[in-house]
Amino acid sequence: MSYREIDAVVIGAGQAGLSTAYHLRRDGVGFVLLDHADGPGGAWRYRWDSLVLGRTHRIHDLPGMPLPPADPDTPASRVVAGYFGAYERRFELPVRRPVDVRSVRRGNDRLLVDTSAGGWAARAVVNATGTWERPYWPAYPGRASFTGRQLHTADYRSADEFAGRHVVVVGGGASATQLLAEISLVTSTTWVTRRPPVFRDEPFGEDLGRAAVAEVDRRVRAGLPPGSVVSATGLVPDERVRAAMRRGALHRLPMFDRITPTGIAWDEPVEGRRELATDVILWCTGFRPVLSHLAPLRLREPGGGIRVENTRAVAEPRLFLVGYGPSASTIGANRAGRVAARGVRALLPAPATAAA
Ligand SMILES: Cc1cc2nc3c(=O)[nH]c(=O)nc-3n(C[C@H](O)[C@H](O)[C@H](O)COP(=O)(O)OP(=O)(O)OC[C@H]3O[C@@H](n4cnc5c(N)ncnc54)[C@H](O)[C@@H]3O)c2cc1C
């Protein structure tokens, strides 16, 4: 295969990739932004319709162009896809889609990026592939024997499809509580979590937010998987989640030990029973970073993560990870894009200066 030489390749056109692209563009770096989706919006384009703008935690503006005012009842998927598309046009970002990046590996003096649209040989690669496409399904005995429906947050479309069926919701994060709040309006539900959930009365302050991000940063510097921010910050219920609490829909049971063909089962009795029949198990168990295309670089540490410092992979200094670990939020992704672009620039040969 012949490779096109380029200064940088950015993989993924979500918040993190667009922020990086903005800074690279401004600095005059030659790059291409590859994304395998059909249109703009990153992971937001796949989120369910009831996740309206007014129910998001907050979508931070991309650098240089604020999110235009929008009706808080519009699905966030639509608002963000429109915003990202307008952003790509406004800054004339060199986005190519759909282009699937299949692998990144080391060449002689460049990183080789193999894709569905041919290869690029880059001095630097910025990985911004998010987590949405890697839903995490924990292993429990009997999971494959269940005859009802199992789905993950990533598959969720609307509560209506569960009417008349019992739904077990698994997981202690924001998605679990928000989906329980809406599904419990149309049908019966059971909520199970590994640890008792901790609800906060008020949004967590900047200090707690910073401490949670610092803890994730510590983990990725040590080569550990990033882990969950909610475990450090607790849950901040919105109005609908509070209403669900008042209805008793957020009564939590401990995690089951097994799955049977017709439901879930505990080894020790829970509220007087060991089994519960259910039609549906909804796994709100989070996501993991999408990194399989980086496997040829062999960056995994014995702890299971990739060591990253200030967005740069410690074991491959030409690779930057944005939207990963401490920068896996819209605000974090923004900042990481700026830092990574600075790192890319530092790798490029200095422009020739005119002779005096
Ligand atoms: C349900 C839910 C709600 C959330 N709500 C909020 C919120 O309110 N506020 C907030 O700050 N954060 C929120 N987050 C987190 C937030 O969505 C992310 O931190 C941020 O939007 C992710 O941006 P990203 O650019 O890292 O990834 P993504 O938006 O996932 O973009 C990754 C891009 O990479 C592309 N891609 C992946 N693999 C490849 C490949 N091999 N080749 C080519 N392209 C590829 C994908 O097509 C995609 O466009 C939420 C997360 C979830 C799951």
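In every chain, residue numbers begin from 1 and rise along the written sequence. Under the rules for a predicted model, residues below a pLDDT of 70 receive no local features and side-chain atom pairs below 80 are neither given nor counted, while totals for whole chains, interfaces and linings still include all residues. To get the side-chain values, take all heavy atoms of the structure and skip hydrogens and water.

- An unreviewed UniProt entry lists the protein chain under the name Oxidoreductase, with Actinocatenispora sera given as the organism.

## Section: helix α4 (residues 206-221)
Logical step 1: In a regular helix each residue adds 1.5 Å, so 16 residues correspond to 22 Å; α4 covers 22 Å between its end C-alpha atoms and thus fits that length.
Logical step 2: The rule is simple: take the accessible area with a 1.4 Å probe, protein chains only, and divide by the maximum for that residue type; under 20% is buried, over 50% is exposed, in between is partly exposed. A run of H or I in DSSP counts as a helix once it spans at least four residues, and a run of E counts as a strand once it spans at least two, with each numbered from the N terminus. Those residues of α4 lying buried are Gly209, Ala212, Val216 and Val220. The buried residues of α4 all sit within an arc of 80 degrees when viewed along its axis, so they share a single face. Facing away from the buried side of α4 by over 90 degrees, the exposed positions are Asp207 and Arg210.
Logical step 3: At the exit of α4 stands Gly223, carrying a positive phi of roughly 80 degrees. The span you would expect from a helix comes to 1.5 Å times its residue count less one. What the arc describes is the spread of directions from the helix axis to the C-beta atoms.

## Quick notes on the site of the ligand
Logical step 1: Asp35, Ala43, His57, Arg58 and Thr330 are the nearest of the 33 residues found near the ligand.
Logical step 2: Take Ala43: an N or O atom from its main chain is 2.9 Å from an oxygen atom of the ligand.
Logical step 3: A distance of 2.9 Å separates a nitrogen atom of the ligand from a polar backbone atom of Val101.
Logical step 4: Notes on the ligand: free accessible area 1,000 Å², of which the protein chains cover 89%.
Logical step 5: Residues are grouped as follows: Ala, Val, Leu, Ile, Met, Phe, Trp, Tyr, Cys and Pro are nonpolar; Asp, Glu, Lys and Arg are charged; every other residue, Gly included, is polar. Partitioned by chemical class, the residues of the shell around the ligand number 15 nonpolar, 13 polar and five charged. Residues are counted as near a molecule or strand when any one of their heavy atoms sits within 4 Å of it. Any pair of N or O atoms that falls within 3.5 Å is considered a polar contact. Within protein, one atom must be able to donate a hydrogen and the other to accept it, and sequence-neighbouring residues count only if both atoms are side-chain atoms. For accessible areas, the Shrake-Rupley method is used with a probe of radius 1.4 Å. Any residue's cover is judged against the shown protein chains and nothing else.

## Notes on the pattern of salt bridges
Logical step 1: The term salt bridge refers to a pairing of a side-chain nitrogen on Lys or Arg with a carboxyl oxygen on Asp or Glu at a separation within 4 Å. Tallied over the full model, the rule gives 15 salt bridges.
Logical step 2: The closest approach of N and O atoms between Arg55 and Glu182, which form a salt bridge, is 3.3 Å. Of the two residues, Arg55 sits in the loop between β2 (31-34) and α2 (76-90) while Glu182 sits in helix α3 (residues 174-183), which places them 127 residues apart along the sequence. Neither Arg55 nor Glu182 differs from the other in exposure class; each is buried.
Logical step 3: Arg149 serves as the salt-bridge partner of Glu161, at 2.7 Å between the closest nitrogen and oxygen. One end of the pair, Glu161, is in the loop between β7 (149-152) and β8 (167-170); the other, Arg149, is in strand β7, and 12 residues separate them in sequence.
Logical step 4: Residue classification places Arg149 among the partly exposed positions, given a relative accessible area of 28%.

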